[in-house]
Amino acid sequence: MRTNYSVILLKLGGGLLTDKNKPNSIREDVISSAVKQIIDANEKIILLHGGGSFGHPLAKEYSISDGFDESIPDQILGVAKTHHSMIKFNSYVIEQFLERNYPVLSIQTSSIFIEKSNKISLETLDVLETALDLKIMPVLYGDIMLDKSGSFTILSGDEIILKLCESLKSYSVSKVVFAMESDGLFKIDESKGKKPALLTDCYSNELDDLILADLGQKIDVTGGINSKLTHIKEICKNKIPVQLINGLIEGNIFKSLKNQKINCTNILINE
Ligand code: IP8
């Protein structure tokens, strides 16, 4: 029995949860604090996390985002290894919730998304929406995605968020929150000698004129800040506000989920 509930989509960036410079390294304190804040907030949420030091190094080593390439040794094995590495990372996150007796359900991204004729197709949302109905928090993650034409790629957490914003049927998304390692988006500030300045409140129709400062993404195979901006623009087309927050600042995740004021980037929707 579904009514039209609203849900928050929260992505914990892989760079926030892991040390991207060290393969398979977990920032235990950061994850533990994020988990606690999400439980304390007690809101209806779909949680996503990025690949961090589990997904990106392998995806890069085997050029998974570029698709099937016979000339790359063991590339197919690399697809399997990348997926398995994400499962291990995801299991750690899931365990943190279960240890605190909070019901979560890991949903395998590569089992519900597939690429068909250059379009990402979402096979079913039923599991996700039924989990929400049952007050279980679905948890998805950046993963490999198979392509019906006999190839594959990487599906990032940002892309999953966009797809969910476009496709959820019984739930409306009240906002999308990206928890990252910085306070939000930084723009080039001409008045300050082109020094980067935090973009605080901004309307979605102002996004096209933005020149963002790229503060470095290191090993990211799914694109840097400009790719994030592209996704944000698409999310906003669905009339959904977006907030980018610093997940390293204690309490920020909780405050964001509770709509309390924080120093961050808020992308607001034009009426
Ligand atoms: O960190 C990438 O997801 P993202 C996932 O959300 C993999 O871009 C497997 C690299």
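The structure we're discussing is the one just above.
Numbering of residues starts from 1 in every chain and runs along the sequence as written. Confidence filtering applies because this is a predicted model: local features only for residues at pLDDT of at least 70, side-chain atom pairs given and counted only at 80 or more, and all residues used for totals across whole chains, interfaces and linings. Values shown for side chains rest on all heavy atoms present in the structure; no hydrogens or waters enter the calculation.

(A) Representation of the sheet that holds strand β14 (residues 265–268) within the structure. Pairing between strands requires that DSSP locate at least two bridges from one strand to the other. Strands are runs of DSSP state E lasting at least 2 residues, helices are runs of H or I lasting at least 4, and numbering of each runs from the N terminus. The sheet built from eight strands is open, its strands ordered β3-β6-β2-β1-β9-β13-β14-β12 with mixed pairing. Unpaired on one side and paired on the other, β3 (104–106) and β12 (201–203) mark the two borders of the sheet. Pairs of neighbouring strands in the sheet enclose a mean axial angle of 20°, with direction left out of account. Sheet analysis places β3 next to strand β6 (residues 137–141), joined by three bridges and oriented parallel. When the bridges of β6 are listed, V104 appears paired with M137. Note on contacts: a residue pair is in contact if any heavy atoms of the two residues lie within 4.5 Å. The axes used here are C-alpha line fits, helices contributing only the stretch in contact, and every angle between their N-to-C directions lies in the interval 0 to 180 degrees. Against the sheet, helix α7 (residues 157–167) makes contact with β1 (5–12), β2 (45–49), β6 and β9 (171–180), and its axis sits at roughly 170° relative to β1, the strand it touches most.

(B) Local environment of the pairing of β14. Bridging between β12 and β14 involves three bridges; their strand directions are parallel. In the strand pairing of β14, C202 is matched with I267. Relative to β14, strand β13 (residues 242–246) runs antiparallel, the two sharing three bridges. Counterpart to V242 in the pairing with β14 is I267.

(C) How the structure looks around the environment of L122. Along the chain, L122 turns up in strand β5 (residues 119–122). Linking L122 and I160, residues 38 residues apart in sequence, is a C-alpha distance of 9.4 Å. The contacts of L122, once residues within four sequence positions are left out, are I112, F113, L164 and S167.

(D) Here's a closer look at the packing of helix α2 (residues 28–41) against helix α4 (residues 75–99). Relative to each other, α2 and α4 sit at 50°, their axes nearing to 9 Å. The angle between the axes of α2 and α4 places the two elements in the oblique class. Between α2 and α4 the crossing geometry is right-handed. Facing α2, whose interface residues are E28, I31, V35, I38 and I39, α4 presents F89, Y92, Q96 and F97. Here roughly perpendicular refers to angles of 65 to 115 degrees, roughly parallel to angles under 35, roughly antiparallel to angles over 145, and oblique to all remaining angles. Note on convention: the crossing is left-handed when the near helix lies turned anticlockwise from the far helix by less than a right angle, right-handed when the turn is clockwise.

(E) Representation of the packing of aromatic side chains within the structure. Note on aromatic contacts: the rings of Phe and Tyr and the six-membered ring of Trp form a pair at centre separations within 6.5 Å, being stacked when their planes are under 30 degrees apart, edge-to-face when over 60 apart, and tilted otherwise. In this structure the tally under the stated criterion is four aromatic pairs. Where F54 meets F89, the ring centres are 4.7 Å apart and the plane angle is 10°; that geometry is what we call stacked. With F54 in helix α3 (residues 52–61) and F89 in helix α4, the pair connects residues that are 35 residues apart, well separated along the chain. Burial classes follow relative accessibility: with a 1.4 Å probe on protein chains only, a residue under 20% of its type's maximum area counts as buried, one over 50% as exposed, and anything between as partly exposed. Judged by relative accessible area, F54 falls into the buried class, the value being 8%. Given the relative accessible area of 0%, F89 is considered buried. A centroid spacing of 6.3 Å and a plane angle of 70° characterise the contact between F68 and F152, whose relative ring orientation is edge-to-face. With F68 in the loop between α3 and α4 and F152 in strand β8 (residues 151–155), this residue pair connects regions lying 84 residues apart in the sequence. Among the residues examined, F152 registers a relative accessible area of 5% and is labelled buried.

(F) A look at α7. Burial runs high along α7: eight of the eleven residues are buried. If you check which residues of α7 are buried, you get G157, D158, I160, I161, L162, K163, L164 and C165.

(G) Focus on the site of the ligand. Neighbouring residues are identified by heavy atoms, a residue being near a molecule or strand if any of them is within 4 Å of it. Around the ligand sit 13 residues, and of these K11, G51, H56, G157 and T222 come closest. With respect to the ligand, the side chain of H56 contributes an N or O atom lying 2.9 Å from an oxygen atom. Whenever a nitrogen or oxygen atom comes within 3.5 Å of another N or O atom, the pair is scored as a polar contact, on the condition that within protein one atom can donate a hydrogen and the other can accept it, and that pairs from neighbouring residues in sequence are kept only if both atoms are in side chains. G157 places a main-chain nitrogen or oxygen 2.8 Å from an oxygen atom of the ligand. The accessible surface values rely on the Shrake-Rupley method and a 1.4 Å probe; as for residues, cover is taken only from the protein chains in view. Out of a free accessible area of 320 Å², the ligand has 97% covered by protein chains.

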